[in-house]
Amino acid sequence: MSAKDYYEKDFYAALGVTKTATAAEIKKAYRKLARDLHPDKNPGNKPAEEKFKAVSEAYDVLSDDVKRKEYDEARSLVASGGFGGFSPQGAGGTAGFDLGDLLRNSGGSGGFSDVLGGLFNRGGGAGRAAARARRGGDVETEVRIAFAESVSGVTIPMRLSERGTCPTCLGTGARPGTAPHACPVCNGSGLTTRNQGSFAFSEPCTNCHGTGSIIDDPCPTCHGERTVVKSRTLSTRIPPGVADGQRIRLAGKGEAGQNGGPAGDLFVVVHVTPHELFGRSGDNLTLTVPVTYPELVLGTTLTVPTLNGSVRLRVTPGTSSGRKIRVKGAGVIRKDVHGDLIVTVEVAVPQKVSAAAKEALETFAAAATDDPRPAITAALAATARDGSR
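Residue numbers restart at each chain and count upward from 1, following the sequence in its written direction. Given that this is a predicted model, residues contribute local features only at a pLDDT of at least 70 and side-chain atom pairs are listed and counted only at 80 or more, while totals for whole chains, interfaces and linings are drawn from all residues. Based on all heavy atoms of the structure, the side-chain values leave hydrogens and waters out of the count.

1. A few points about the sheet that holds strand β8 (residues 247-250)
Here is step 1: If you walk across this open sheet you meet the three strands as β1-β9-β8, and the pairing is mixed. This sheet does not close on itself; its edge strands, each paired only once, are β1 (139-145) and β8. Strand-to-strand twist across the sheet, computed as the mean angle between neighbouring axes with direction ignored, equals 25°.
Here is step 2: Where β1 and strand β9 (residues 266-272) come together, seven bridges link them in parallel fashion. In the strand pairing of β9, Arg144 is matched with His271.
Here is step 3: Set on the sheet, helix α3 (residues 23-37) makes contact with β1, β8 and β9; between it and β1 the angle comes to about 65°. Strands are treated as partners if at least two bridges between them are detected by DSSP. The helix and strand labels rest on DSSP assignments: H or I over at least four residues marks a helix, E over at least two residues marks a strand, and numbering proceeds from the N terminus. Interaxial angle, 0 to 180 degrees, is taken between N-to-C directions of lines fitted to C-alpha atoms, where a helix line uses only the stretch in contact. The contact definition used throughout considers only heavy atoms, calling two residues in contact when any of these lie within 4.5 Å.

Set out below in structure tokens:
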């Protein structure tokens, strides 16, 4: 990221969050904006595409703890009026402190070392440091799969939009056949120096905006930005047993690294479409089967569906409504997991009965001698005895 990015862009404003926003709040804001501004949803809408780029860039920084810390430190330094710090030795003017020492003393990983070090990676002027390898940004996307696919696993193609090196100018920002040239004001360093008393202060060059280079003829594809939003299709395996809302990490499948750095990760949030018959409890599938009262009393054999066919279940005489019957191995099956299908039999009470059926029920009720509510009957009897004393 260039000094211009740290110096001018407000990534919190781009996502519509405060500086104290939590990681969850940042992610929520990004996902809503990315969904609304995605190029697939706004074909040919240039303003929406530019906003999508800005939102993606902001999330790339603020979703990474190290990058966010670097960004906040740089912005804090800008607010204090000390951006660029004391001039590095050899940059011209009188150097009261060596900013290179400040960068080295920061530990070389995160903080001012990464942020301010980028100020000297411009062109071939004084203070130039070797470009550091940087890890690519993480990418997050969402997919929706069918219930049966969540149980058995599925391989799906995913179309991703992300920022990458412009294929036309190969990252120079200049039209092919031309090249950027060193800024004549800062001699390619990206910095200008002004003296104040015994100190020399360095600050981003206003002529090149801290990049160290001038592009006379911008690339027609990226318009001098050096990167573009690219689309790629990735074949992704969703493992068996994935749950609704589960977040899957695919290492190294995110944005490409910079200057030889490793690629970021891809995070896939999986949404599972509910099934009209089956439910899920852990690695077990659930199914409710309506039965008649005579079937529970007399017993029966039921044919019930599974996700891979059907099975026959024996309902023994005298089975209670709500009883669960287990079908081994008919649930989620993974390497070390073999879930079951849990079938619940539930009596279906008819809303309308014929005259013959009603007569038969009345005959049955008159002939029935067992008390279906013995505990309730005993409690009522005890209450009556207490009241008679």
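2. Considerations on the packing of aromatic side chains
Here is step 1: Stacked, tilted and edge-to-face are the three classes assigned to paired rings of Phe, Tyr and Trp, where Trp is represented by its six-membered ring and a pair needs centres within 6.5 Å; plane angles under 30 degrees give stacked, over 60 edge-to-face, the rest tilted. Counting across every chain of the model gives four aromatic pairs.
Here is step 2: Taken together, a centroid distance of 6.0 Å and an interplanar angle of 40° make the contact between Tyr12 and Tyr71 tilted. A residue pair is termed long-range when its members are at least 10 positions apart, and Tyr12 in helix α2 (residues 11-15) and Tyr71 in helix α5 (residues 65-79) qualify at 59 residues. Side by side, Tyr12 and Tyr71 carry an identical accessibility label, which is buried.
Here is step 3: Linked through ring pairs, Phe11, Tyr12 and Tyr71 together constitute an aromatic cluster.
Here is step 4: Two thresholds decide whether a charge sits over a ring: the Lys NZ or Arg CZ must be within 6 Å of the ring centre and within 35 degrees of the ring normal. One cation-aromatic arrangement involves Arg247 over Phe267; the distance from NZ or CZ to the ring centre is 4.0 Å. When a residue's accessible area, from a 1.4 Å probe over protein chains only, is under 20% of the maximum for its type it is buried; when over 50% it is exposed; and in between it is partly exposed.

3. Description of the nonpolar core
Here is step 1: By nonpolar core is meant a set of buried Ala, Val, Leu, Ile, Met, Phe, Trp, Tyr and Cys residues that side-chain atoms within 4.5 Å join together. Counting 35 residues, the largest nonpolar core has Ile145, Ile238, Leu266, Val270 and Leu341 as the members making the most contacts within it.
Here is step 2: Leaving out residues up to four positions away in the same chain, Val270 has contacts with Val143, Ile145, Ile238, Val242, Ala243, Asp244, Gly245, Gln246 and Ile248.
Here is step 3: The next biggest cluster of nonpolar side chains, apart from the first, holds 19 residues, and it includes Ala29, Leu37, Ala48 and Val229.

4. Focus on the sheet that holds strand β10 (residues 279-281)
Here is step 1: Strand order in this open sheet of four strands is β10-β11-β15-β14, and the pairing throughout is mixed. The open sheet has two free edges, formed respectively by β10 and β14 (324-327), since each of these has just one partner strand. Within this sheet the neighbouring strands show an average axis-to-axis angle of 35°, counted without direction.
Here is step 2: Here seven bridges tie strand β11 (residues 284-291) to strand β15 (residues 341-347), and the two strands are oriented parallel to one another.

5. Let's talk about the side chain of Ser150
Here is step 1: In this structure, Ser150 sits in helix α8 (residues 147-152).
Here is step 2: Polar contacts, as used here, are pairs of N or O atoms within 3.5 Å; protein pairs need one atom able to donate a hydrogen and one able to accept it. Residues neighboring in sequence count only if both atoms are side-chain atoms. A polar contact is formed between the side chain of Ser150 and the backbone oxygen of Phe147, at a distance of 2.6 Å.

6. Some points on the pattern of salt bridges
Here is step 1: Whenever Lys or Arg places a side-chain nitrogen within 4 Å of a carboxyl oxygen from Asp or Glu, that contact is recorded as a salt bridge. Overall, the coordinates contain 16 salt bridges when judged by the stated rule.
Here is step 2: Residues Lys53 and Glu49 are paired through a salt bridge, measuring 3.9 Å at the closest nitrogen-oxygen approach. Of this pair, Lys53 and Glu49 both sit in helix α4 (residues 46-62), four residues apart, roughly one helical turn.
Here is step 3: For Lys53, a relative accessible area of 14% puts it in the buried group.
Here is step 4: Residues Asp265 and Arg135 are paired through a salt bridge, measuring 3.2 Å at the closest nitrogen-oxygen approach. Within this pair, whereas Asp265 is found in the loop between β8 and β9, its partner Arg135 is found in the loop between α7 (111-117) and β1, the two being separated by 130 residues in sequence.
Here is step 5: A relative accessible area of 8% places Asp265 in the buried class.
Here is step 6: Overlapping salt bridges bring together Arg31, Arg35, Glu140, Glu142 and Arg247 as one network.

7. Quick notes on the pairing of β8
Here is step 1: Side-chain alternation along β8 places Ile248 and Leu250 on a buried face and Arg247 and Arg249 on a face that remains uncovered.
Here is step 2: Across four bridges, β8 lies against β9 in antiparallel orientation. Counterpart to Leu250 in the pairing with β9 is Leu266.

8. Topic: a nonpolar patch on the surface
Here is step 1: Only residues whose relative accessible area exceeds 30% and that form no salt bridge enter a patch; like-charged residues are grouped when within 9 Å of one another, and nonpolar side chains (Val, Leu, Ile, Met, Phe, Trp, Tyr) when within 5 Å. Surface accessibility in these figures is a Shrake-Rupley result with a 1.4 Å probe; residues are shielded only by whichever protein chains are displayed. Residues Tyr293, Val297, Leu298 and Phe364 make up a contiguous nonpolar surface patch of about 420 Å² in total accessible area.
Here is step 2: Sorting elements by how many residues they give to the nonpolar patch places helix α9 (residues 293-298) first, with three residues.
Here is step 3: The residue Phe364 is located in helix α10 (residues 355-367) in this model.
Here is step 4: Of the residues examined, Phe364 reaches a relative accessible area of 44% and is grouped as partly exposed.

9. Focus on the confidence of the model for the protein chain
Here is step 1: Scored from 0 to 100, pLDDT records how confident the predictor is in each individual residue. Averaged over all residues, the pLDDT of the protein chain is 80; the fraction at 70 or higher stands at 81%.
Here is step 2: Taken together, the stretch residues 1-5 has pLDDT below 50 and engages in 14 contacts with residues farther than four places along the chain or on a different chain.

10. Some details on α4
Each α-helix winds once per 3.6 residues, and so residues spaced three or four apart point in a common direction.
Here is step 1: Helix span is expected to be 1.5 Å times the residue number reduced by one. Over its 17 residues, α4 runs 24 Å from end to end, which matches the ideal 24 Å to within 8%, given 1.5 Å per residue.
Here is step 2: Considered for burial, the residues of α4 that qualify are Ala48, Phe52, Lys53, Val55, Ser56, Glu57, Ala58, Tyr59, Asp60, Val61 and Leu62.
Here is step 3: Between the side-chain oxygen at the start of α4 and the backbone nitrogen of Ala48 there is a gap of 3.1 Å, and the oxygen is on Asn45.

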